[in-house]
Amino acid sequence: MSLIDPSAPSLPDDGLPGDDAEQLARRFEAERPRLEALAARVLGDHAEAQDVVQQAWLRLAGTGDGTGEEIDSLPAFLTTVTTRLCLDRLRRRVPVPEETVDPGESAPDPAEDMALADTVGTALQLVLDRLSPNERIAFVMHDSFGFEFGIIAAALGTSEQAARKLASRARAKVAQPRGEDPLADWEVVDAFMAAAREGDFTRLIALLAPDAVVRGDEEAIATGTPAAIDGREDVAAFFNGSAHAALPVAVDGRPGSAWYHRGQAMVLFDFTVAGGRVTRIDFRARPELLARVVRRDGADPR
């Protein structure tokens, strides 16, 4: 599956004189799918991406007199605002100190070669979590969406050469993951659930063992879950585009996910992971088990 969005690269300069509030809202809605796709790839969470794009609309609506007349290019403005909002969230999520990029460094930079984005496939979102926020933004914008480095530099508030270097360094990390640093079980679980929400069937298949199964206990079946699903294709098909109300949890020290309703865990998705792939998912809804479910951020309980 290609990660390149052929419709996204350069942004036209289109002045906005004469746009009234209704026209501006219509033009924003035309940009929304592109902005949500960008934010979802950067953040790895479609719901969070929608929230970021809505914040971008509030920023747009609050510019100038509300008609956008101070903006030279609406697509460029929205791309920059959305990217910076994503960057803020990444920095709050993973407070990793940003290493200063020396624009004069001479490490190889295959800037025009985006083939890597087509080959990293399922592992991409997992490895993105290990990049610094600036590296992640530069890599996703260039290698996944084809934005020019001038646009990336403006979004990051840096030079074009530094943005190019950030993407190059991120690309090297993605291409050569550390062999001694295997993916943790929680990373596999969270990647699987993100792929389910995004409807990324290819990534679901890659994260499942060939003989993966799903089983449900009596209480879970009573809520409407299936009793059994066998084989990764059928498991992937069941989860594909679903699980929007599921949140990351831990139970008895194991990472999992749970379907929540009105703030209460209703069904636990209890994962078994081996060798970086999901081998089994148990739907469990016994009250005594749900009482032990706790929300988590990454590997850490909230």
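The rules behind the values
- Counting restarts for each chain, with residues numbered from 1 along the sequence as it is written.
- Per-residue local features of the predicted model are confined to residues with pLDDT of at least 70, and side-chain atom pairs are confined, for both listing and counting, to 80 or more; whole-chain, interface and lining totals are unaffected and use all residues.
- Hydrogens are left out, water is left out, and the side-chain values use all remaining heavy atoms of the structure.
- Nine residue types can take part in a nonpolar core, namely buried Ala, Val, Leu, Ile, Met, Phe, Trp, Tyr and Cys, and a core is a set of them joined through side-chain atoms within 4.5 Å.
- Each residue is assigned to one of three classes by its accessible area relative to the maximum for its type, calculated with a 1.4 Å probe on protein chains only: buried under 20%, partly exposed between the two thresholds, exposed over 50%.
- Put simply, DSSP H or I for four residues or longer makes a helix, DSSP E for two residues or longer makes a strand, and each gets a number counted from the N terminus.
- It only takes one pair of heavy atoms within 4.5 Å for two residues to be counted as in contact.
- Strand pairing is assigned whenever DSSP detects at least two bridges linking the two strands.

Draft legend 1. Representation of the nonpolar core. Residues Phe192, Phe239, Phe269, Phe271, Ile281 and Val293 are the most contacted members of the largest nonpolar core, which totals 37 residues. Among the elements that line this core, the one with the most residues is helix 9 (residues 185-198), at 7 residues. With residues up to four places along the chain from it excluded, the contact list for Val293 reads Val249, Ala250, Val251, Ala258, Tyr260, Ala265 and Leu268. Ala39, Val81, Leu90 and Leu128 belong to the second largest nonpolar core, which has 33 residues in total.

Draft legend 2. Seen up close, the pairing of strand 3 (residues 246-251). Where strand 3 meets strand 4 (residues 254-261), 6 bridges bridge the pair, whose relative direction is antiparallel. Directly across from Val251, in strand 4, lies its bridge partner Arg254. With 2 bridges connecting them, strand 3 and strand 7 (residues 294-297) associate as antiparallel partners. What sits directly across from Ala250, in strand 7, is Val294.

Draft legend 3. Representation of helix 7 (residues 149-156) in the model. Burial runs high along helix 7: 6 of the 8 residues are buried. When we look at burial in helix 7, the residues that qualify are Phe149, Ile151, Ile152, Ala153, Ala155 and Leu156. Backbone geometry just downstream of helix 7 places Gly157 in the positive-phi region, at approximately 70°.

Taken by themselves, the reported measurements are silent on function.
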